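Chains, contacts and geometry: an overview
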Amino acid sequence: MKKLSLILITMVLILGIGFFAGCRRDETRRVGDLTAENVRLAFIHVGDQADRGYTYRQHRGTLDMMAELGISEDQVRNFWNISPGAAVDTALLEAIEWGADMIFGTSFGFGPHMMEAAQDHPHIQFFHATGNLAVASGLPNFHNYFGNMSQARYLSGIAAGLRTESNILGFVAAHPNAEVITGLTAFFMGAQSVNPDVRMYVMYMNQWNNPTLESQLAQALINRGADVIAQHADSASAQTTAQAVGVWGVGYNNDMIPMAPDAVLVSPMFDWSIYLIYAVRTILEGGDVAPDFLAGLNEGMVFLSDLNPNTVAPGTYEAIAAAEVYIRAGRNVFTGPIYSAAGEQLLAPGETWNEPLSAPSWTHIIRGITVVE
C-alpha cells in the first residue's frame, strides 16, 4: 500500500508540474516569446468564402499575410458564419480555449463582445475591423481598423456616372448605418462629379449577406429605371441580376467582373493583408499596434479592380485616372458644397469633412439620393 501511495503521489506531482509548466509556457508565449512559428491566430467571420465578396476578400488577406510572414495553416483557425450576438461570445471562447494569441473579428456588430473579451483576457490581442470602440476603451490589447473605402467608392462612381443612359443609379445597401451611408454617398458624389443630372435610389436589406434578397432589391431598383446597380452587400447576386436583365453594375469587395462580365464596370476592393501584416508583424516584434488604423489608396488598402473594357463608357479610364491623382495628393472626396436631401447645406463650398476614426461615420442622405422604403 505504501508503495502504491508513493506511486500515486509521484504521478500527481508529475501531472501537476506538467500542468503548471504548461500554463507558464502559454503565458510566457503570449507576453514575450511569440514567433511566426508558434503564434496562433483566430478569425471570426460574419460570412464564409462562398459569398465571393466580403468574407472571401477578408480570407484572401489572411492567406496573403500567412504567406508573407511564414505562418502555417495549423496556426490559424477560422470561425465562419458567425452572427452578432451570443454566437460571437461562443466563438471568442472557443478561440481563447484553443490558445489564440490574436483574435480578429470582421463585422461591426462584433465590437461589444470583443471589447468585453479584451477586458477579461489582457494577454490576448483583439482586432476589430470596421469598429469604433477601441480608442474610447483605453484597452492596450483592443484595436480597430478599416480602409478608406470612400476614395475607391468615389472613383467607381465615376464609371457609373459616365455609363448610365437613364441617369438613374440603383444601390443595394445592407444596413442604414454610417459605414454603408458613407460608402453610398461617396459613390454617388463620384457619379455626380462627371454627370450632374444623375440621381440614385437606395434600398436597404437590413442584413449583410442575403443573395436572394440582394437579387430582389436589384430587380426592384431596375424596375424604377436604374440602369447601373451598385451595392454594399456581401455577395455578387446584385451584379448577376443586372447582367440577367441587361443593365450595368458596380461590384464591391471582390472583382465581380468574372461573375457578371457583361454587366460589371469595376469593383472597389480592400486588401486586408495590408493591415494584417502590419498588426501581426508588430506584435511578433514586440511593438505596439495603434488603437485605430486607417489606410487608403496610397497605402494599397483600398483600390479598384481593372476596368471592364467590354462595359465601361468611352473616357472612363481618363476620368478615373485624373480624379485618382487628386485623391492621392490629398483631396478629400467629402468636400462642399454638399446639401442634404431636404436642401440643408451640410458643407459649404471648399469645406471638408474628415472622419474622426477609421470607422466611417457620415450619416446624411444627400440631395439626389432617394431612400426607397
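Higher on the page you've got the structure.
Summary of the structure given here. (Residues numbered from 1 in each chain as written. Predicted model: local features only at pLDDT ≥ 70, side-chain atom pairs only at ≥ 80, totals over all residues. Heavy atoms only, no water.)

**Topic: the sheet that holds strand β6 (residues 168–173)**
The strand order across the open sheet formed by 5 strands is β9-β8-β6-β7-β15, and the pairing between neighbours is parallel. Across the chains shown, the open sheet's two edge strands, defined by having one partner strand only, are β9 (248–249) and β15 (369–371). The pairing of strand β7 (residues 199–204) with β15 spans 3 bridges and is parallel. Looking at the pairing, Y201 lines up with T370 of β15. Here helix α9 (residues 237–245) sits on the sheet and contacts β6, β8 (228–232) and β9; the angle it forms with β8, its principal contact strand, is near 170 degrees. (Pairing = 2+ DSSP bridges. Helix = DSSP H or I, 4+ residues; strand = E, 2+ residues; numbered from the N terminus. Contact = heavy atoms within 4.5 Å. Axes fitted to C-alpha atoms, helices over the stretch in contact; angles between N-to-C directions.)

**Structural notes on the packing of helix α6 (residues 149–163) against helix α7 (residues 178–194)**
Closest axis-to-axis distance for the α6/α7 pair is 6 Å, and the angle between their directions is 45 degrees. The pairing of α6 with α7 is recorded here as oblique in orientation. Every pair of crossing elements has a handedness; the one defined by α6 and α7 is right-handed. Contacts between α6 and α7 involve S150, R153, Y154, S156, G157, I158, A160, G161 and L162 on the former and, on the latter, T182, G183, A186, F187, M189, G190, A191, S193 and V194. Taken together, the residues that form the contact of α6 with α7 break down as 9 nonpolar, 8 polar and 1 charged. (Parallel < 35°, antiparallel > 145°, perpendicular 65-115°, else oblique. Left-handed = near helix turned anticlockwise from the far one by under 90°. Nonpolar A, V, L, I, M, F, W, Y, C, P; charged D, E, K, R; others polar.)

**Here we look at empty space enclosed by the protein**
One pass over the full model with this rule turns up 1 cavity of 30 Å³ or more. Put simply, the largest cavity is a space of about 90 Å³. What lines the largest cavity is simply V46, Y54, T106, S107, F108, T130, E179, W208, H232, D234, Y252 and N253. Grouping the constituent residues of the lining of the largest cavity by class yields 5 nonpolar, 5 polar and 2 charged. (1 Å grid on protein atoms, 1.4 Å probe; cavity = no way out; pocket = protein on both sides within 12 Å on 5 of 7 lines; lining within 4 Å. Points joined across faces, edges and corners; volume = space filled by probe spheres on them.)

**What about the environment of N148?**
With respect to the element layout, N148 can be found in the loop between β5 (142–147) and α6. Between the C-alpha atom of N148 and that of I338, which follows or precedes it by 190 residues, the distance is 20 Å. In this structure, N148 is in contact with L294, A295, G296 and V302, ignoring residues within four places of it in sequence.

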